[in-house]
Amino acid sequence: MKPTSRDIRTANRYEVLRQIIAESPTSRQELAVATGLSLATVATLVGELLDLGLITEVGFEDSAGGRPRGLVAVDPSGGALIGVDIAETYVHVELFDLALNVLARADEDLRPGESLPEQVVGHVAAGVGSVVAQAGVEAARVLGVGVSVPGQVDRDSGVAEYAPNLDWHDVPLLDLLAGHIAHPLYLDNPLRACVVAELWFGAARGRGDAVVVNLGTGVGAGLALGGGLHRGVSNSAGEWGHTTLVLDGRLCHCGGHGCVETYVGAPGIMQNLRELSPGSPLLHPGDQTATIDALARAVAEDDPVAVKTVRETARYLGAGISDLINLLNPEVVVLSSWVAARLGEPLLAEVRRAVARHALRRPLAATEIVLTPIPTDPVSLGAATFALEGALRSAGRRTPRRSATARSRTAPPS
Ligand SMILES: [Zn+2]
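What counts, and at which threshold
- Residues numbered from 1 in each chain as written.
- Predicted model: local features only at pLDDT ≥ 70, side-chain atom pairs only at ≥ 80, totals over all residues.
- Heavy atoms only, no water.
- UniProt positions renumbered as here; feature names shortened; annotations may be inferred.
- Helix = DSSP H or I, 4+ residues; strand = E, 2+ residues; numbered from the N terminus.
- Rg over C-alpha atoms; globule rule 2.2 N^0.38 Å.
- Buried < 20%, exposed > 50% of the residue type's maximum accessible area, 1.4 Å probe, protein only.
- Contact = heavy atoms within 4.5 Å.
- Areas by Shrake-Rupley, 256 points an atom, 1.4 Å probe, with all protein chains shown as cover.
- Lys, Arg positive; Asp, Glu negative; His and termini not counted.
- Charge placed at Lys NZ, Arg CZ, Asp CG, Glu CD.
- Pairing = 2+ DSSP bridges.
- Axes fitted to C-alpha atoms, helices over the stretch in contact; angles between N-to-C directions.
- Donors = N, O, S within 2.8 Å, 3.2 Å for Na, K, Ca; no water.
- Tetrahedral: all angles 85-135°; square planar, octahedral: opposite > 155°, others 65-115°.
- Phe/Tyr/Trp six-rings, centres within 6.5 Å; stacked < 30°, edge-to-face > 60°.
- Parallel < 35°, antiparallel > 145°, perpendicular 65-115°, else oblique.
- Left-handed = near helix turned anticlockwise from the far one by under 90°.
- Nonpolar A, V, L, I, M, F, W, Y, C, P; charged D, E, K, R; others polar.
- pLDDT = per-residue confidence, 0-100.
- Polar contact = N/O pair within 3.5 Å; in protein donor to acceptor, adjacent residues only side chain to side chain.
- Core = buried A, V, L, I, M, F, W, Y, C linked by side-chain atoms within 4.5 Å.

As recorded by an unreviewed UniProt entry, the chain carries the name Putative NBD/HSP70 family sugar kinase and is attributed to Streptomyces echinatus. Under the UniProt heading Sequence similarities (unreviewed entry), the entry covering the chain gives this text: "Belongs to the ROK (NagC/XylR) family."

Draft legend 1. How the structure looks around the overall build of the chain. A count of helices and strands for the chain gives 14 helices and 16 strands. For the chain, the C-alpha radius of gyration of 22 Å lies close to 22 Å, the compact-globule estimate for 414 residues. Residues counted as buried form 55% of the 414 residues belonging to the chain. Sequence separation of at least 24 residues holds for 63% of the intrachain contacts in the chain that already meet a minimum separation of 6. When the accessible surface of the chain is totalled, it reaches about 18,000 Å², and 51% of it is carbon and sulfur. The averaged location of the 46 negative side-chain charges in the chain is 8 Å from the averaged location of its 35 positive side-chain charges.

Draft legend 2. Just the sheet that holds strand β1 (residues 26-27), in detail. Strand order in the open sheet formed by 3 strands is β1-β3-β2, with antiparallel pairing between adjacent strands. Both edges of this open sheet fall to β1 and β2 (55-61), since each of them pairs with a single strand only. The pairing of β1 with strand β3 (residues 69-74) spans 2 bridges and is classified as antiparallel. Looking across to β3, one finds that threonine 26 is bridged to valine 72. Contacts from helix α1 (residues 5-22) reach β1, β2 and β3 within the one sheet, and its direction differs from that of β3 by about 90°. Strands in contact with helix α3 (residues 39-51) are β2 and β3; relative to β2, the strand with the most contacts, it is inclined by about 125°.

Draft legend 3. Region of the structure containing the coordination of the zinc ion. Here the zinc ion is held by His242 (ND1), Cys252 (SG), Cys254 (SG) and Cys259 (SG), and the distances to it run 2.0 to 2.4 Å. Geometry at the zinc ion is tetrahedral, judged from the 4 donor atoms that bind it and their angles of 104 to 124° at the metal. Expressed as a motif, the donor residue spacing for the zinc ion is H-x9-C-x1-C-x4-C. Taken as a pair, histidine 242 in the loop between β14 (228-229) and α7 (261-264) and cysteine 252 in the loop between β14 and α7 lie far apart in primary sequence, 10 residues in all. The exposure class assigned to cysteine 252 is buried, which follows from its relative accessible area of 6%.

Draft legend 4. How the structure looks around the pairing of β3. In terms of residue burial, β3 counts as a mostly covered element, since 5 of its 6 residues are buried. Here β2 runs beside β3; their pairing, made up of 5 bridges, is antiparallel. Within β3, the position partnered with isoleucine 55 by the bridge is valine 74.

Draft legend 5. Quick look at the packing of aromatic side chains. By the definition in use, this model includes 3 aromatic pairs. With a centroid separation of 5.4 Å and 55° between ring planes, the pair formed by tyrosine 14 and tryptophan 200 is classed as tilted. Of this pair, tyrosine 14 sits in helix α1 while tryptophan 200 sits in helix α6 (residues 190-201), and the two are 186 residues apart along the sequence. Looking at tyrosine 14, the relative accessible area reads 10%, which means it is buried. Residue class for tryptophan 200 comes out buried when judged on its relative accessible area of 3%. Here tryptophan 200 and phenylalanine 201 contribute two aromatic rings whose centre-to-centre distance is 5.5 Å and whose plane-to-plane angle is 45°, an arrangement assigned as tilted.

Draft legend 6. Geometry of the packing of helix α8 (residues 266-276) against helix α9 (residues 288-300). Viewed as axis vectors pointing N to C, α8 and α9 meet at an angle of 55°, and their least axial separation amounts to 10 Å. Here α9 runs oblique to α8, going by the angle between their axes. Here the hand of the crossing between α8 and α9 comes out left-handed. Within the contact between the two elements, α8 uses Ala266, Pro267, Ile269, Met270 and Leu273 and α9 uses Gln288, Thr291, Ile292 and Leu295. Partitioning the contact of α8 with α9 into residue classes produces 7 nonpolar, 2 polar and no charged.

Draft legend 7. Spatial organisation of unusual backbone geometry. Backbone torsion omega between serine 24 and proline 25 reads -10°, so that peptide bond is classified as cis. Inspection of the secondary structure puts proline 25 in the loop between α1 and β1. The backbone of asparagine 235 shows a phi angle near 55°, a positive value even though the residue is not glycine.

Draft legend 8. Representation of the confidence of the model for the chain within the structure. This prediction gives the chain a mean pLDDT of 91; 95% of its residues lie at or above 70. Counted against residues more than four places away or in other chains, residues 398-414, with its pLDDT under 50, gives 28 contacts.

Draft legend 9. A look at the side chain of threonine 217. Inspection of the secondary structure assignment puts threonine 217 in the loop between β12 (210-215) and β13 (219-225). Within the structure, the side chain of threonine 217 is placed 2.7 Å from the side chain of glutamine 288, a separation counted as a polar contact.

Draft legend 10. Spatial organisation of the environment of proline 76. Among the secondary structure elements, proline 76 is positioned in the loop between β3 and β4 (80-86). Remark: the alpha-carbon pair of proline 76 and alanine 221, spanning 145 residues in sequence, is separated by 32 Å.

Draft legend 11. Just the environment of valine 355, in detail. Locating valine 355 in the fold gives a position in helix α11 (residues 338-358). Each C-alpha atom of the pair valine 355 and alanine 319 lies 6.3 Å from the other, and the pair is 36 residues apart in sequence. Excluding residues that lie within four positions of it along the chain, valine 355 makes contacts with Gly318, Ile321, Ser322, Ile325, Leu364 and Ile369.

Draft legend 12. Region of interest: the nonpolar core. Of all hydrophobic cores here, the largest spans 45 residues; its most connected members are Val213, Leu215, Trp240 and Ile321. Residues Ile21, Cys194, Val212 and Val332 belong to the second largest nonpolar core, which totals 44 residues.

Spelled out as structure tokens, the structure:
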């Protein structure tokens, strides 16, 4: 599908706001340099964002010899955004101001077996109600709720088409949520959310090509190509967790055998541990979180079985990440999500060693492998930015006053 002029205008407005959030206060001149848009286009877009109350004028700065430049900054109190991270073992909800500072958070644990859509929707609704109450914001000031759910997602219809680890097929998630939540809702998956979070605030800032390796119960690779999120033609790009690592290998939830995920997702790591030491006290059968936590503690104490398990996991991970590096030649590979957060530096060190054994020298030399520097949950942060994106898109329909100017400067009318 070709982008329409409205899409381009929304994207430009979003790009300018993103830059203002990243570097507040800033001037129109600096924004033009940072975004590559003309000064006139930036001035128009800044005017729209001021009209919408998302940013404010905050004074002037001297420019060497010239006229003082007006400065703008994001208005944190201009609205609130909510990001929801639905995972296989928990629902995590955060409420942000417009500078994307966390004002409130709520955690709901999903007990093993508690993954029916109605149950998960109940937890999401409870979490959203809780953060709004904690932050004390008026409901009308919530610009939107971004929801991340694992697996294949149809953003337009709001349907979670296929989430193998939750055993969901064609769940009309946004319709179910709309029965409990009155704010505008936006759906996507954690691969997309993590990439957006890294592009805005993390290791992918200012970098053209980046891969965010999501290590949780499920596994995937979020892709930023040419400085933007890569979705693929049907929003399915990045399903690296279901690429084949071992021919005729372990059975996967997707029905295949030997998928990357079955060796490096949390249940796969449990299996690696089980194969190395079947009776290990680190194993908590049926409880991934407890097992990964026990493993992380044992690695810190140099427990030989735990160290070996992480090394074995990194061997698989290294082979899979090398494929991504050879294929995409990224500037940075970011390890993200809860398993990466818990296993941390010891896993990173082993992964770097393993990747060095597999990747081609030239792309490897151009790639940095890092843990996510984002201190909070990158998925809920990314989900909240989807809500911000959605709010800007719908705001565009209510401000026709300036649209003629902006359209003529960005693209021919469609
Ligand atoms: Zn699979």
